[in-house]
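Observations on the three-dimensional arrangement
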Amino acid sequence: MSTNKTGFANKALRIVGRQKALMAILLMLLVMLFFDTRFYTSYNLLDMLNSAAILEIMAFGVTLTIICGGCDFSIGSMMSLSGIIAIKMMAYMPIACAIAVAVLCGALVGFVNGFLVVQQKTEPFIITLGMGMLLKGIAQQITDAHPVPASNLSFMKIANTRAIAGIPNLIVIMVVMMILFHCVLRYTSFGRNCYAIGGDYNVASMSGIKAARIKWATFVICGMTAAFCGVLLSSKLNTGSSIYGNTTALSVNCGCVVGGTSFAGGIGGIPQTFVGLLVIQLLENCMNMLGINAYVQQVCEGIIILLILWFDSYAQKRKAETV
């Protein structure tokens, strides 16, 4: 009997360890049943997803770099700068062209990050953090640290309309991007090679995989995704500003890890990232509904994230011990 109980406990621990973020979401949903709030309304749930959409999209790009064994902490500053670029360019060209220029700037930044990390063998955390500081300085310089309003109503409508069955455009874009990135990771040779490179870069290279090129490409894609999110954020707020994205990189990278994408590389995926970011957004929404003080919210978020990551580390340790 005791052996059966032990076996059941170990099995339950493995399940919770693999689905820790999903379990956290289910726990929060259960807790909110006992409070008289407007949490379980279509308006609140859509608003929560709408608020999370931009970070989710950005996290999909970051997931590629993390799976390849890298990371990108310049995404917040890239998001800030690309929105400013798009708004300023709209004075000289059509909206579509302005957006394309902003996204291409993101690709250029990703290209430089990839070159420094892959070709020069530098530490991705330090390089992308430094790049983020550089981009933030450029954004402040070209705006004199003042907000840049957008005067084109068509630009504002990109992120503020409900084109399909009353669902906000940002949610639709997020779902499309999630499906696209998931299919690329799971059903293409590029995606499979990303996992191989993250598992062991040298082995992947010796196996005939063009590891340097693929890892470099993930930084370019990540930069383009961050730039695209900057355009969406500026459209949503109808303003570009150098103050956007100050804590975005930490939130996004942390959300990816909470979802189960490992900084060691080779582990994770788009659905896991979606759930990981959703944990953070859902936690904020629950605490807002309960009227919890903003400072206390930060403490609670930190504790929850630390507990999830500790449990993940503990589960990995137990798994290694049983092998």
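Preceding block: the structure.
This section reports on the structure supplied with the text. Since we're looking at a predicted model, the values are computed, not measured.

Turning to the overall build of the protein, a few remarks are in order. Helix and strand content of the protein: 14 helices and 2 strands. Taken across its 323 residues, the protein has 46% of its residues classed as buried. The long-range fraction of contacts in the protein, counting pairs at least 24 apart against all pairs at least 6 apart in sequence, stands at 78%. With the model as given, the accessible surface of the protein reaches about 16200 Å², and the carbon-plus-sulfur share is 67%.

What follows is about the side chain of Ser241. Relative to the assigned elements, Ser241 resides in the loop between strand S2 (239-240) and helix H12 (248-259). A relative accessible area of 5% means that Ser241 is categorised as buried. When near neighbours in sequence (up to four residues on either side) are disregarded, Ser241 contacts Ser80, Ile84 and Pro147.

A few words on the packing of aromatic side chains. Taken as a whole and judged by the stated rule, the model has 5 aromatic pairs. Considering the side-chain rings of Phe111 and Trp216, the 4.9 Å spacing of their centres and the 40° angle between planes classify their relative orientation as tilted. One end of the pair, Phe111, is in helix H5 (residues 95-119); the other, Trp216, is in helix H11 (residues 211-237), with 105 residues separating them in the sequence. Their ring planes at 45° and their centres at 6.0 Å tell us that Phe115 and Trp216 sit as a pair that is tilted.

Looking now at the side chain of Asp72. The residue Asp72 is located in the loop between helix H3 (42-67) and helix H4 (75-89) in this model. Beyond its immediate chain neighbours, meaning those up to four positions away, Asp72 contacts Thr65, Asn113, Thr128, Phe219, Cys222 and Asn253.

Let us now look at the packing of H3 against H11. It is at 7 Å that the axes of H3 and H11 come closest, and there the two elements cross at 170°. Taken together, the axes of H3 and H11 are roughly antiparallel relative to one another. Along the contact surface, H3 presents Asn50, Ser51, Ile54, Ile57, Met58, Gly61, Val62, Leu64 and Thr65, while H11 presents Thr218, Phe219, Ile221, Cys222, Thr225, Ala226, Phe228, Cys229, Leu232, Leu233 and Lys236. Class assignment for the residues of the contact of H3 with H11 results in 13 nonpolar, 6 polar and 1 charged.

Another aspect to go through is helix H6 (residues 124-143). In an α-helix, one turn spans 3.6 residues, which is why side chains three or four residues apart end up on the same side. For H6, which comprises 20 residues, the first-to-last C-alpha distance of 28 Å matches the rise-based estimate of 28 Å (1.5 Å per residue) to within 8%. Every buried residue belonging to H6 is among Pro124, Thr128, Met131, Gly132, Leu135, Lys136, Ala139 and Thr143, and all of these are buried. One side of H6 carries all its buried residues, which in axial view fall inside an arc of 140°. Pointing more than 90 degrees away from the buried face of H6 are the exposed residues Ile126, Met133 and Gln141. Where the residues of H6 are buried, they touch H4, H5, strand S1 (148-149) and H11. Directly after H6, the chain includes Asp144, whose backbone phi takes a positive value near 55°.

Thresholds, definitions, all that
Residues numbered from 1 in each chain as written. Predicted model: local features only at pLDDT ≥ 70, side-chain atom pairs only at ≥ 80, totals over all residues. Heavy atoms only, no water. Helix = DSSP H or I, 4+ residues; strand = E, 2+ residues; numbered from the N terminus. Buried < 20%, exposed > 50% of the residue type's maximum accessible area, 1.4 Å probe, protein only. Contact = heavy atoms within 4.5 Å. Areas by Shrake-Rupley, 256 points an atom, 1.4 Å probe, with all protein chains shown as cover. Phe/Tyr/Trp six-rings, centres within 6.5 Å; stacked < 30°, edge-to-face > 60°. Axes fitted to C-alpha atoms, helices over the stretch in contact; angles between N-to-C directions. Parallel < 35°, antiparallel > 145°, perpendicular 65-115°, else oblique. Nonpolar A, V, L, I, M, F, W, Y, C, P; charged D, E, K, R; others polar. Expected span 1.5 Å × (residues − 1). Arc of directions from axis to C-beta.

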